[in-house]
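Okay, here's what each chain looks like letter by letter:
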Number of protein chains: 2
Amino acid sequence: MKVIELKETVTASNDRDAEALREELNLRGVLLVNLMSGPGAGKTTLLSRTIRDLSDLKIAVLEADLDATVDAETIEALGARAIQAHTDGMCHMDAGMTRAGLEALGTEQTDLVFLENVGNLICPAEFDTGAQLRVMILSIPEGDDKPLKYPLMFRESDALILSKLDALPYFDFDLDKCIQRAKRLNPKIQVFPLSAKTGEGMAAWEAWLRENLIRKTV
Amino acid sequence: MKVIELKETVTASNDRDAEALREELNLRGVLLVNLMSGPGAGKTTLLSRTIRDLSDLKIAVLEADLDATVDAETIEALGARAIQAHTDGMCHMDAGMTRAGLEALGTEQTDLVFLENVGNLICPAEFDTGAQLRVMILSIPEGDDKPLKYPLMFRESDALILSKLDALPYFDFDLDKCIQRAKRLNPKIQVFPLSAKTGEGMAAWEAWLRENLIRKTV
């Protein structure tokens, strides 16, 4: 289990660093997906299922956490490459931290890298990591009012995964209202209601990932 | 609906400011409870039920959010005094922000003030707000591994509420294991498994609040 300790890089140049990293990833044919959510929205469970389903792709995972290595261990147990990044108390990943993480992870012969960002709906939305796609997960138990409270995260995301869909019968969550609220903030956002437990809705999410893969030019 | 826009105060002096605020609150006989959790753990639902159950007490609520006023509106609809504080993008409340919020709210003839901190398991743990009690909420759907991932929040809290207990049958959550993990980080932490929906476990939490009320000296 590889663990890397990261320090925040200079944020003034973050947008430029992120743009440069994105261009390099495009050239290398690597799709980096920045996965953001609050704690316990099911990022690791979603990743586990996605990795199993897309077994023809070469997938690696950069896990960012304040502490612990449980998520990276779960991913490694599936046979995927994973590295655990510790963020030195920072509640987000920036482009410099992501670059350092990717270098430690290694991205040769990799199609798809998931950056599992720190569990938090606030800070991660403010920092461009260099990922080509930003995906946020909101789990059904968290409530359909979250777009009202964390608007930036919804505005900045390319896709919204509504996870733990199997729990819908037990919670007072209005799916249509939530999607409407998200689309009011971000009309282009792709929405994938799904359950990584039952598999419902996984196919649409996985097809969207495939569509966005970067063609290898070298 | 009162809304206040707050700016971060100088953090170097935060511990001193927090201590001074706590002493003043003690003198005024006001118990301030700093309520922290991730997004959607059920802070507002818990508060709504607690306010209804403790109707003999004078309770006020300081809601902190990046944006929106939904929580304060919910609380006001119950007849309790509430103010919505906007944190200017900050992911936590500090002592200076809390003081400004309390002044705008008014604490005369108040027994108990809940500070509903920004939904986040990271930053709020790092800042003493001046509250006499720190309470964190972890909801069953978030998972029993959270003490491993957000150790500071568990270490810094006087009580841990395990909320949405009614959802236990639908999730793979080991109650004993979670409590064991929390107590390993913080042997003195009080644990209250409860459901604000069914009422189960509410009495123990409310009795604990009553025990901690500050006797009015003036």
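Further up the page is the structure itself.
What you see is a predicted model, and the numbers here were worked out from it, not measured in a lab.

Trainee: Is there a simple way to explain the overall build of chain A in this structure?
Mentor: Along its length, chain A carries eight helices and eight strands. Taken over the C-alpha trace, chain A has a radius of gyration of 16 Å; the compact-globule value for 218 residues is 17 Å, and the two agree within 12%. In chain A, the proportion of contacts linking residues at least 24 apart, taken out of those at least 6 apart, comes to 76%. Surface accessibility of chain A: about 8800 Å² in total, with carbon and sulfur atoms responsible for 48%.

Trainee: Looking at this model, I keep getting lost on the relation of the copies chain A and chain B. Mind explaining?
Mentor: Related by rotation about an axis and a shift along that axis, the two copies of the chain form a pair. Superposition record for chain A on chain B: RMSD 0.0 Å, screw rotation 180°, translation along axis 0.0 Å. Taken together, the turn and the small shift mark the pair as related by a two-fold rotation axis. Interface residue correspondence from chain A to chain B reaches 100%, placing this contact among same-surface, isologous pairings.

Trainee: I keep staring at the side chain of Arg-22 of chain A and nothing clicks. Help me out?
Mentor: Residue placement: Arg-22 of chain A occurs in helix α1 (residues 14–28). In contact with Arg-22 of chain A, not counting residues within four places along its chain, are Asp-128, Gly-130, Ala-131 and Gln-132 of chain A.

Trainee: Is there a simple way to think about the state of the cysteines in this case?
Mentor: The term disulfide refers to a covalent linkage connecting the sulfur atoms of a pair of cysteines. Residue and element names in this part refer to chain A. Enumeration over the complete set of coordinates arrives at two disulfides over all chains. A sulfur-sulfur separation of 2.3 Å characterises the disulfide bridge that pairs Cys-91 with Cys-123. Note on the Cys-91 and Cys-123 pair: the S-S dihedral is about -95°, so by sign convention the disulfide is left-handed. In this pair, Cys-91 is assigned in the loop between β4 (81–86) and α4 (95–105) and Cys-123 in the loop between β5 (112–116) and β6 (133–139), connecting sequence segments 32 residues apart. Both residues of the pair, Cys-91 and Cys-123, belong to the buried class.

Trainee: Explanation requested: the pattern of salt bridges in the structure shown.
Mentor: Note that side chains of opposite charge can pair when their charged atoms are close. All names here are of chain A. Applying the stated rule across the entire model yields 24 salt bridges over all chains. For Arg-49, the salt bridge identified is with Asp-53, shortest N-O distance 3.7 Å. Remark: Asp-53 and Arg-49 occur in helix α2 (residues 43–53); sequence separation between them is four residues, near one turn of the helix. Judged by relative accessible area, which is 32%, Asp-53 ranks as partly exposed.

Trainee: What exactly am I supposed to notice about empty space enclosed by the protein here?
Mentor: Remark: the empty space left among the atoms is shown by a probe the size of a water molecule rolled over them. Applying the stated criterion to the full structure yields one cavity of 30 Å³ or more. Pro-39, Gly-40, Ser-139, Pro-141, Glu-142 and Lys-164 of chain A together with Pro-39, Gly-40, Ser-139, Pro-141, Glu-142 and Lys-164 of chain B together form the lining of the largest cavity. For the lining of the largest cavity, a count of residues per class yields four nonpolar, four polar and four charged.

Trainee: Even after reading the chapter, I still don't get helix α8 (residues 202–211) of chain A, so can you show me in this structure?
Mentor: Structural remark: α-helix, 3.6 residues per turn; residues separated by three or four positions point the same way. All names here are of chain A. Burial in α8 covers these residues: Met-202, Trp-205, Glu-206, Trp-208 and Leu-209. Angularly, the buried residues of α8 cover 155° about the axis, an arc narrow enough to put them on a single face. Residues of α8 that are exposed and point more than 90 degrees away from the buried face comprise Ala-203 and Glu-211. Its buried side turned inward, α8 meets β2 (31–37), α2, β5, β6, β7 (159–163) and β8 (190–193).

Trainee: Looking at this structure, how should I read the packing of α2 of chain A against helix α3 (residues 70–77) of chain A?
Mentor: Each packed pair of helices is defined by two parameters, the angle between the axes and the distance between the axes. All names here are of chain A. It is at 10 Å that the axes of α2 and α3 come closest, and there the two elements cross at 15°. Considering the angle they form, α2 stands roughly parallel to α3. In terms of crossing hand, the pair formed by α2 and α3 is right-handed. Judged by residue contacts, Thr-44, Leu-47, Ser-48 and Ile-51 of α2 engage Asp-71, Thr-74 and Ile-75 from α3. Looking at the contact of α2 with α3 residue by residue, the classes come out as three nonpolar, three polar and one charged.

Trainee: Honestly, helix α1 (residues 14–28) of chain B in this entry has me stumped. Any pointers?
Mentor: Residues and elements named next belong to chain B. Across its 15 residues, α1 extends 21 Å between first and last C-alpha, which sits within 8% of the 21 Å expected from 1.5 Å per residue. Those residues of α1 that sit buried are Asn-14, Ala-18, Leu-21, Arg-22 and Leu-25. Projection of α1 onto a plane perpendicular to its axis shows the buried side chains occupying an angular sector of 105°, all on one side. Opposite the buried face of α1, by more than 90 degrees, sit the exposed residues Arg-16 and Leu-27. Buried residues in α1 make contact with β2 (31–37) and α4 (95–105). After α1 finishes, the residue Gly-29 shows a positive phi value of roughly 70°.

Trainee: What should I look at first to understand the environment of Glu-211 of chain B in this one?
Mentor: All names here are of chain B. Note that Glu-211 resides in helix α8 (residues 202–211). The class of Glu-211 is exposed, set by a relative accessible area of 64%. Note: C-alpha distance between Glu-211 and Arg-22 (189 residues apart in sequence) is 18 Å.

Trainee: So what exactly am I meant to see when it comes to the packing of aromatic side chains here?
Mentor: The way to describe two aromatic rings as a pair is by their centre distance and the angle between their planes. Inspection of the entire model under this criterion finds eight aromatic pairs over all chains. Seen in terms of ring centroids, Trp-205 of chain B and Trp-208 of chain B are 6.1 Å apart; in terms of plane orientation they differ by 25°. Their pairing is stacked. Of this pair, Trp-205 of chain B and Trp-208 of chain B both sit in helix α8, three residues apart, roughly one helical turn. Residue Trp-208 of chain B is classed as buried on the basis of its relative accessible area, which comes to 8%. Taken together, Phe-192, Trp-205 and Trp-208 of chain A form an aromatic cluster joined through their ring pairs.

Trainee: Got a minute to help me understand the interface of chain A and chain B in this structure?
Mentor: How big an interface is tends to be expressed through the accessible area that disappears when the partners come together. Across the contact, 31 residues belong to chain A and 31 residues belong to chain B. In total, about 2500 Å² of surface goes out of reach between chain A and chain B, with carbon and sulfur atoms giving 63% of it. Inspection of the chain A/chain B interface yields seven residue pairs in polar contact (both at pLDDT 80 or more). When contributions to the side of chain A that touches chain B are tallied by element, the ones reaching two or more residues are α3 and α5 (146–149) of chain A. The leading source of residues in the side of chain A that touches chain B is α5 of chain A, at three residues.

Rules and cut-offs
Residues numbered from 1 in each chain as written. Chains lettered and ligands numbered in written order. Predicted model: local features only at pLDDT ≥ 70, side-chain atom pairs only at ≥ 80, totals over all residues. Heavy atoms only, no water. Helix = DSSP H or I, 4+ residues; strand = E, 2+ residues; numbered from the N terminus. Rg over C-alpha atoms; globule rule 2.2 N^0.38 Å. Contact = heavy atoms within 4.5 Å. Areas by Shrake-Rupley, 256 points an atom, 1.4 Å probe, with all protein chains shown as cover. Least-squares fit on C-alpha atoms with pLDDT ≥ 70 in both. Disulfide = S-S within 2.5 Å. Buried < 20%, exposed > 50% of the residue type's maximum accessible area, 1.4 Å probe, protein only. Salt bridge = Lys/Arg side-chain N within 4 Å of Asp/Glu carboxyl O. 1 Å grid on protein atoms, 1.4 Å probe; cavity = no way out; pocket = protein on both sides within 12 Å on 5 of 7 lines; lining within 4 Å. Points joined across faces, edges and corners; volume = space filled by probe spheres on them. Nonpolar A, V, L, I, M, F, W, Y, C, P; charged D, E, K, R; others polar. Arc of directions from axis to C-beta. Axes fitted to C-alpha atoms, helices over the stretch in contact; angles between N-to-C directions. Parallel < 35°, antiparallel > 145°, perpendicular 65-115°, else oblique. Left-handed = near helix turned anticlockwise from the far one by under 90°. Expected span 1.5 Å × (residues − 1). Phe/Tyr/Trp six-rings, centres within 6.5 Å; stacked < 30°, edge-to-face > 60°. Buried area = accessible area lost by both parts, 1.4 Å probe. Polar contact = N/O pair within 3.5 Å; in protein donor to acceptor, adjacent residues only side chain to side chain.

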